[in-house]
Amino acid sequence: MSIRFDGKVAIVTGAGGGLGRSHALELARRGAKVVVNDLGGSRDGSGGSSDAANKVVEEIKAFGGEAIANGSSVTDDAGVAHMVKQTMDAYGRIDILINNAGILRDKSFSKMEIADFQLVVDVHLMGTVKPTKAVWQIMRDQGYGRIMVTTSSTGLYGNFGQTNYGAAKLGVVGFINTLKLEGQKDNIRCNALAPVAYTRMTSDLMPPEAEKMLSPESVTPGVMFLVSEDAPTGMILCAGAGVFAAARMEESEGVFLGGADLSAEKVAANWEKISDFSNAAPYFMGGEQTGKFFKLASGGK
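From a predicted model like this one, the values you see are computed outputs, not experimental measurements.

Cut-off values and rules
- Residues numbered from 1 in each chain as written.
- Predicted model: local features only at pLDDT ≥ 70, side-chain atom pairs only at ≥ 80, totals over all residues.
- Heavy atoms only, no water.
- Helix = DSSP H or I, 4+ residues; strand = E, 2+ residues; numbered from the N terminus.
- Buried < 20%, exposed > 50% of the residue type's maximum accessible area, 1.4 Å probe, protein only.
- Contact = heavy atoms within 4.5 Å.
- Core = buried A, V, L, I, M, F, W, Y, C linked by side-chain atoms within 4.5 Å.
- Pairing = 2+ DSSP bridges.
- Axes fitted to C-alpha atoms, helices over the stretch in contact; angles between N-to-C directions.
- Salt bridge = Lys/Arg side-chain N within 4 Å of Asp/Glu carboxyl O.

### Focus on the overall build of the protein
When its secondary structure is counted, the protein shows eleven helices and ten strands. Across the 301 residues that make up the protein, the buried fraction comes to 45%. Across the protein, contacts joining residues at least 24 apart in sequence account for 70% of those joining residues at least 6 apart.

Here is the structure:
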């Protein structure tokens, strides 16, 4: 199977360097027309420059690909609208959106200012929601769309000093958990990437020897599959150093404790059974979960 994107148009946010650059270059190599979005700010979100995005566009054009640069902030409504209009004016459609833009403002929660918490959530969560909202109706009208959000092991499992980042990164997973259902009838598939890579964002968090092994290019092949014609939907792909694994939320089998004697003490006494994941199943959705609880309450399995 050869994965190609001939005739497809892709927007990649935060594509001026690191993972976004790698994704944009590979999409172009495989035939996509690419909009390289990057505000060009520093790692903490300050400043801005078009140089990084323009440089990636030049790289793409150098090997015969087609691309344009966009310097909009993913948190700015007018800027996002301009990015989508620029794309539609140039190419007439949008098939792929890779939400990759991000910043870091790490501190332990006790020392973190609310403004730093808010900004990181705005960039990672709302900076994913706003571009997705802007392309959603276009993809519905086309009957085709592939959307990827960028989560993190911090969002899935936690990491000291990153309450703001973790909250936002799990938020984008919750976002696609519903979006995949709403997009299903229009062939819009939505997936999440949890990458481990040595980039400008992580360079001082990793030893120098990690740079070669944890390259962005070792993650990008998984992204190409997640935004391809045959992509799954609603998946979380963990990727780094050429290793790929799927993550999922699970729910234990559950124990019925209802009745007249239901109490907090009864929950405590049965905690080992409640938290037993030996027969765990993937997370349930909507009516399926409601049905499970009705079954347990009525003594069914």
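### Digging into the nonpolar core
Within the largest apolar cluster, 30 residues are counted, with the highest numbers of intra-cluster contacts made by Phe 5, Leu 27, Val 34, Val 36, Ile 60 and Ile 98. When residues of this core are traced back to their parent elements, those giving at least two are β1 (9-12), α1 (18-29), β2 (33-37), α2 (51-62), β4 (96-99), α8 (220-226) and β7 (236-240). For this core, the element with the highest residue contribution is α1, accounting for five residues. Non-local contacts of Phe 5, meaning those with residues more than four positions away in its chain, are made with Leu 27, Arg 30, Gly 31, Ala 32, Ile 96, Met 224, Val 227 and Ser 228. Residues Val 9, Ile 11, Tyr 91 and Val 172 belong to the second largest nonpolar core, which totals 27 residues.

### What about the sheet that holds strand β3 (residues 66-70)?
The strand order across the open sheet formed by eight strands is β3-β2-β1-β4-β5-β6-β7-β8, and the pairing between neighbours is mixed. Lying at the two open borders of the sheet, with one neighbouring strand each, are β3 and β8 (243-247). Pairwise comparison of adjacent strand axes, ignoring direction, gives a mean angle of 20° for this sheet. Where β7 meets β8, five bridges bridge the pair, whose relative direction is antiparallel. Note on β8: the bridge partner recorded for Cys 238 is Ala 245. In the packing of helix α3 (residues 77-91) onto the sheet, the strands contacted are β1, β2 and β3, and the crossing angle to β3 comes to about 155°.

### Re the environment of Phe 225
Position of Phe 225 relative to the elements: it lies in helix α8. A residue is classified by how much of its surface remains accessible, and Phe 225, at 35% relative accessible area, is partly exposed. For the pair Phe 225 and Arg 4, spaced 221 residues apart in the sequence, the C-alpha separation amounts to 9.9 Å. Once residues lying within four places of it in the same chain are set aside, the contact partners of Phe 225 are Ile 3, Asp 230, Ala 231 and Pro 232.

### Overview of the pattern of salt bridges
Going through the model one piece at a time under the given rule, you end up with 14 salt bridges. Salt-bridge contacts for Arg 21 lead to Glu 59; the nearest nitrogen and oxygen are separated by 2.7 Å. A residue pair is termed long-range when its members are at least 10 positions apart, and Arg 21 in helix α1 and Glu 59 in helix α2 qualify at 38 residues. Its relative accessible area of 25% is what places Glu 59 among the partly exposed residues. Residues Asp 95 and Arg 93 are paired through a salt bridge, measuring 2.7 Å at the closest nitrogen-oxygen approach. Given a relative accessible area of 0%, Asp 95 falls into the buried group. One salt-bridge network, held together by shared partners, links Arg 21, Glu 59 and Glu 217.

### Digging into the side chain of Asn 37
With respect to the element layout, Asn 37 can be found in strand β2. Judged by its relative accessible area of 1%, Asn 37 is buried. Not counting the four nearest positions on each side in its chain, Asn 37 is found in contact with Val 12, Thr 13, Gly 14, Ala 15, Gly 16, Asn 70, Gly 71, Ser 72, Val 74 and Met 83.

Everything listed here is a matter of geometry and, on its own, says nothing about what the molecule does.
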